[in-house]
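A look at the structure
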Amino acid sequence: MADLKGKVALITGAGGMKGTGRAIALKLAGEGADIVLTDVPRPPDNLPPQEVKAGWRSIESVAEEVRALGRRCLPVWCDLTVSSDIRRLVEQAVEHFGRLDILVNNARALMGQDRDPVTSLREEVWSRFLAINTTAPFLTIKHAAQVMQKQGGGRIINVASEASKRGRALTAAYTTSKFGLIGLTQCAALELAPHAITVNAVCPGAINSDRFNYAEQAEATAKGMTIEEYRASYVANYAKNIPLGRIAEPADVANLVAFLASDEASFITGQAYNLNGGTTFH
Ligand SMILES: NC(=O)c1ccc[n+]([C@@H]2O[C@H](COP(=O)([O-])OP(=O)(O)OC[C@H]3O[C@@H](n4cnc5c(N)ncnc54)[C@H](O)[C@@H]3O)[C@@H](O)[C@H]2O)c1
């Protein structure tokens, strides 16, 4: 048990019905934290079909689940490409709850449009990945850490990736943005250590989340499969190369985040923990 009673946690990218952000929010709420949820409104053709079918309402639906656990919850719509939105997000969290103890940078740019070689990768796609995956965590940390400094401590957890440690072809924008997140984690950890604020990253391999991915959607259509069939076959194939025999579930990420958010992790900072079933070790 992490015992987060009395703490307030802010989680970005928290609206997905089968997303990692939702799992993190419910885990931290289950450990006693009050929750600020944020995400960006997305049109139906940018959502997993299951969410549309279920009438899922992103952070509004997750907020209902958090409240059902007996915790307070503030859902805030915020576009992480807009600097003033991010400053306002942190201000709203503090105005509403009077404090901010835990920040989880979980959001990322929608995947798939980046799957090009560097020779043809569009600059606007590159910039969007850097903006959402690297610059936005810098800005959330910038504003949240000022609040945490006044409070005398805090926890910052960045959801990075296996791609933070190893490049793969056709992922230059995503990989670079996630390598950058590790640099940000280490620098912020050193600067904020005197204030008892820890900053760590978690580095999952493939997660069984129901993310929207332009490239996977196109591949599924080309193969005459639904996105659910495509994803099931992807998950089964990927698992064959993982020593522990399965890909990560959102709950696996949430469990590690909850530990890093707890008092028990007070001596851990600047680290980037693998969560990949044994595929890589550095
Ligand atoms: N899914 C995987 O296989 C995998 C593997 C390794 C690491 N990760 C990391 O785990 C985290 C969560 O993954 P997931 O699969 O649940 O992600 P996802 O792609 O389903 O969700 C990302 C969330 O970010 C939000 N978002 C996108 N653009 C935004 C913007 N401009 N402003 C605000 N929010 C925005 C989306 O709306 C979405 O809710 C990410 O940081 C991802 O890089 C995922």
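In the block above lies the structure referred to throughout.
The rules we used
- Residues numbered from 1 in each chain as written.
- Predicted model: local features only at pLDDT ≥ 70, side-chain atom pairs only at ≥ 80, totals over all residues.
- Heavy atoms only, no water.
- Helix = DSSP H or I, 4+ residues; strand = E, 2+ residues; numbered from the N terminus.
- Polar contact = N/O pair within 3.5 Å; in protein donor to acceptor, adjacent residues only side chain to side chain.
- Contact = heavy atoms within 4.5 Å.
- Buried < 20%, exposed > 50% of the residue type's maximum accessible area, 1.4 Å probe, protein only.
- Pairing = 2+ DSSP bridges.
- Near = heavy atom within 4 Å.
- Areas by Shrake-Rupley, 256 points an atom, 1.4 Å probe, with all protein chains shown as cover.
- Axes fitted to C-alpha atoms, helices over the stretch in contact; angles between N-to-C directions.
- Core = buried A, V, L, I, M, F, W, Y, C linked by side-chain atoms within 4.5 Å.

Topic: the side chain of Glu216
With respect to the helices, strands and loops of the structure, Glu216 is situated in helix 7 (residues 214-222). At a separation of 2.6 Å, a polar atom in the side chain of Glu216 contacts the side chain of Arg231. Excluding residues that lie within four positions of it along the chain, Glu216 makes contacts with Arg115, Arg211, Ile227, Tyr230 and Arg231.

What about the pairing of strand 5 (residues 154-159)?
Among the 6 residues that make up strand 5, 6 are buried, leaving the element largely enclosed by the rest of the structure. Every second residue of strand 5 is oriented toward a common face, with Gly154, Ile156 and Asn158 on one face and Arg155, Ile157 and Val159 on the other, all of them buried. Where strand 4 (residues 102-105) lies against strand 5, 4 bridges are found, and the strand directions are parallel. Counted as the bridge partner of Asn105 is Asn158 from strand 5.

Thoughts on the site of the ligand
Residues in contact with the ligand amount to 25 residues; listed here are only the nearest, Asp39, Asn106, Tyr174, Ile207 and Ser209. A distance of 3.5 Å is found between an oxygen atom of the ligand and a backbone nitrogen or oxygen belonging to Val159. At 2.8 Å from an oxygen atom of the ligand is found a main-chain nitrogen or oxygen belonging to Ile207. When the free accessible area of the ligand is taken as 840 Å², the share hidden by the protein chains comes to 95%.

Structural notes on the environment of Val147
Summarising the element assignment, Val147 is placed in helix 5 (residues 123-151). The contact partners of Val147, leaving out residues within four places of it in the chain, are Val90, Val94 and Leu100.

Topic: the sheet that holds strand 6 (residues 197-204)
As summarised here, the arrangement of the 7 strands in space is 3-2-1-4-5-6-7, forming an open sheet in which the pairing is parallel. A strand with exactly one partner marks an edge of an open sheet, and here the two such strands are strand 3 (73-77) and strand 7 (272-275). Each strand of the sheet is rotated relative to its neighbour by a mean of 15°, with strand direction disregarded. Against the sheet, helix 3 (residues 59-68) touches strand 2 (34-39) and strand 3, its axis set at about 170° to strand 3. Docked against the sheet, helix 6 (residues 172-192) engages strand 5, strand 6 and strand 7, running at close to 160° with respect to strand 6.

Things to note about the environment of Arg67
As for its position among the elements, Arg67 is in helix 3. Classification of Arg67 as partly exposed rests on a relative accessible area of 43%. Note: C-alpha distance between Arg67 and Leu26 (41 residues apart in sequence) is 9.8 Å. Excluding residues that lie within four positions of it along the chain, Arg67 makes contacts with Cys73 and Pro75.

Section: the nonpolar core
One broad trend across soluble globular proteins is that nonpolar side chains are buried collectively. Counting residues in hydrophobic clusters, the biggest one holds 36 residues, and the most contacted among them are Ile24, Leu28, Ile35 and Leu37. Among the secondary structure elements, those contributing two or more residues to this core are strand 1 (8-12), helix 1 (20-30), strand 2, helix 3, strand 4, strand 5 and helix 9 (250-261). In terms of residue count, helix 9 provides more of this core than any other element does, 7 residues in total. By size, the runner-up hydrophobic cluster in this structure holds 34 residues, among which are Leu10, Val36, Cys78 and Leu103.

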